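Each chain is listed here by its residues.
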Amino acid sequence: MACTGLEALISADSRAGRWAPWLEGLCLGGGVLLVLLLGGEVVRMSYHGLLHTSIGEAVLRDGLRPENPYHAGSPLRYYTLYPLLGSALGRLGCGPLAVFAAFNVIAGVLFAPALDALGRAFRLGFLARRATLLAAVFGYNAIGWVGWLMADLPPAGEVPVFTFEAMTWAEASWGWDARLQAFLPKFLNVSSFGLALPFALWALAAGADEGARARRCVLPAAAALAINPLVGAWTGLVLLVWTMPRMLLGKWRQKLAWPAAGALAVAMALPFLLPALGGGPDGPSLTGQVRFQHTGFGNLLGPLLLLLLPGMLGLLRLPRSGRPMWMFAFVLTAAALLVARLPWGNEYKLARLAGVLWALPVGVWAAQCIAVAHQQGRRMPALLPLALLAVSLPTTVLCATAYVRWGGGNTAPLITHVGGRLQVRASSSAEVLPAAIAAAEATAPADAVLLLHPFQPGTRADGGVVQGNALAPVFHHPLDYDHPQIHNDRLPDLRTRLDQAALFWVGTLWGGGEAPAAGTTPGGMERSGGALQSIRERHRTRPLLVLAPPQTLPQALKLLRAQGEPRATANGFSLWLLPALDPPRPDSDGY
């Protein structure tokens, strides 16, 4: 018998309620997979693929508190589980970028049943939960396609985040962050956010059920925290607010069970968070502010603009037992978005979490419209949510198209995988990193530090500040320096390292733009020798590997005079090993 009115929202499910969310997840994951396949290697590498792989390789070399692969001698300030899994599983043969792509597909598959579980916890019926998923996936920035049509069509091969600026009116003062273009892209980029989200929703679903036991939250909350600390911290705060009455007013078993569950979840995630818990560097930033950063109000309201009224109407019809919890969660998320100031403007991700929460009352509204239409025999109420869905679909389609165009408009990247590790593509190795040089670098002393030329071929990828040195995941040793990017930003001696490298290689201070050829500046080569000595002094107890590209003979002579040993030469490239100035004594046990 068909249910009407609020019964459609709270009714017991049929057998379809068990398999429908998994079918939806397979559809969402299949859509993600299709874009990743059509976009090719460029899309699978994404903005952060090389960066996460470098970190994962560093963890495999050094353990859970690794050295910064882009700034030798400094600790890494980042969480490690996500990049570690990508690199470790990639070594099985498919390569880390394929693993990260698989994580995105898995995240898409899991998101639907996880959101369905949260809807169940709020006592939403079958129809409301189906509409909630559609609102979360398609309703986010539903009118973005209007901005796209008003702007000039970007050329094929343009990085999507820049093409999406038109979809968010990011260049206008009232616009919102270009990274808030739609729901789907978080499942297309190499990002831990999408993979952590289903576990966060499962943890919230367990905490929202008053009859649930605390131990049901432990594993999903620990997974969310370890995979992405921002998503995990948000999950923990929401659960703390929700369970506070039970801890204060419940029986002694509840008073102890929930704090114990939270402590256990943190303890399980802690080993992968240790590098990120240290104090951040306090030097000057050489990267500048994120170009499309916006205010918290714009980031919160702009992407939800078309869903604001349906969500407000649905909130009035949200089952009364779950309404206070939902309001606490949404207000907490919105307040954090407005107040928080995170590195690289990462508070924008809180807007995405707010969008997922807002989809719940929108789903209730849509189900109520359909129930009213069925009860009263009128078609118009049922057409309202369908019209909203139709208006929302173009944004998602255009986002997927942008990624496919990005991959189709670019040549294959220089980096590919061979035997489970990233390597320079064979067709480009002679001009970028000859095989003999790469093999010699791989077999050099494990404690060596690698020094590159500022204009070493192949090192700069699109969006250098978010990708880092493109060859870093290929090397087996940490770099003495990298150009300014997110993993060396504000390190106090970064400018010094950049200046010393520029002095050694080109005889001038680092400053961007075209640098003069080595030795053409008066006194340049004299300063060059002093810069090399300063670089060695910085790593006194470690050997220094120096990769010299073609046409750097004067620097090669300096390396020879510094007792450098040529380890390999090929196609004009040479790799030199300089011994440590102060090698550890054999009887020192490494200390």
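Right, let's walk through the structure included here. For clarity, every value in this text was computed on a predicted model and none was experimentally measured.

## Considering a nonpolar patch on the surface
For step 1, the next point in the chain: Together, Leu 237, Leu 240, Met 244, Leu 248 and Leu 249 give the surface a local cluster of nonpolar side chains, amounting to about 510 Å² of exposed area.
For step 2, the next point in the chain: Take Met 244: it is sitting in helix H12 (residues 229-249).

## Details of the pattern of salt bridges
For step 1, the next point in the chain: Inspection of every chain in the model, using the stated rule, returns 14 salt bridges.
For step 2, the next point in the chain: Residue Arg 91 pairs with Glu 57 through a salt bridge whose shortest N-O separation is 2.4 Å. Here Arg 91, found in the loop between helix H4 (81-90) and helix H5 (96-121), pairs with Glu 57, found in helix H3 (residues 49-62); they are 34 residues apart in sequence, far enough to count as distant.
For step 3, the next point in the chain: Given a relative accessible area of 38%, Arg 91 falls into the partly exposed group.
For step 4, the next point in the chain: Of the charged contacts, one joins Arg 130 and Asp 116 as a salt bridge, the two residues approaching to 2.6 Å between their closest N and O atoms. Taken together, the positions of Arg 130 in helix H6 (residues 126-138) and Asp 116 in helix H5 put the pair 14 residues apart, joining distant regions of the chain.

## Topic: the sheet that holds strand E3 (residues 449-452)
For step 1, the next point in the chain: Across the sheet, four strands lie side by side as E3-E4-E6-E5; this open sheet has mixed pairing. Of all the strands in the sheet, the pair left with one neighbour each is E3 and strand E5 (565-570). Looking at each pair of strands side by side, their axes are set apart by 20° on average, direction ignored.
For step 2, the next point in the chain: When E3 meets strand E4 (residues 544-548), the two strands line up parallel, connected through four bridges. Note that in E4 the partner of Leu 451 across the bridge is Val 546.
For step 3, the next point in the chain: Its contacts with the sheet put helix H21 (residues 435-443) on E3, E4, E5 and strand E6 (573-578), and the angle it makes with E5 is roughly 150°.

## Quick notes on the state of the cysteines
For step 1, the next point in the chain: What the rule picks out here adds up to zero disulfides.
For step 2, the next point in the chain: The structure places no disulfide on Cys 399, whose sulfur is separated from the nearest cysteine sulfur, that of Cys 27, by 19 Å.

Reading guide: rules and limits
- Along every chain, residues carry numbers that run from 1 in the direction the sequence is written.
- Per-residue local features of the predicted model are confined to residues with pLDDT of at least 70, and side-chain atom pairs are confined, for both listing and counting, to 80 or more; whole-chain, interface and lining totals are unaffected and use all residues.
- Heavy atoms throughout the structure, all of them, feed into the side-chain values; hydrogens and water do not.
- Every patch collects residues that have over 30% relative accessible area and no salt bridge, joining them within 9 Å if they carry like charges and within 5 Å if they are nonpolar side chains (Val, Leu, Ile, Met, Phe, Trp, Tyr).
- Computed with a 1.4 Å probe, the accessible areas rest on the Shrake-Rupley method; for each residue, only the protein chains presented here act as cover.
- Between Lys or Arg on one side and Asp or Glu on the other, a salt bridge is scored when a side-chain nitrogen of the former is within 4 Å of a carboxyl oxygen of the latter.
- In this text, helices come from DSSP runs of H or I with a minimum length of four residues, and strands from runs of E with a minimum of two, each type numbered from the N-terminal end.
- A simple rule labels every residue: compare its accessible area, found with a 1.4 Å probe on the protein chains alone, to the largest value its type can have, and call it buried under 20%, exposed over 50%, or partly exposed in between.
- Being paired, for any two strands, means DSSP has found at least two bridges between them.
- Think of each axis as a best-fit line through the C-alpha atoms, taken over the contacting stretch in the case of a helix, with angles from 0 to 180 degrees between the N-to-C directions.
- The criterion used for residue contact is that any of the two residues' heavy atoms lie within 4.5 Å.
- Disulfide: a pair of cysteine sulfur atoms within 2.5 Å of each other.

Taken by themselves, the reported measurements are silent on function.
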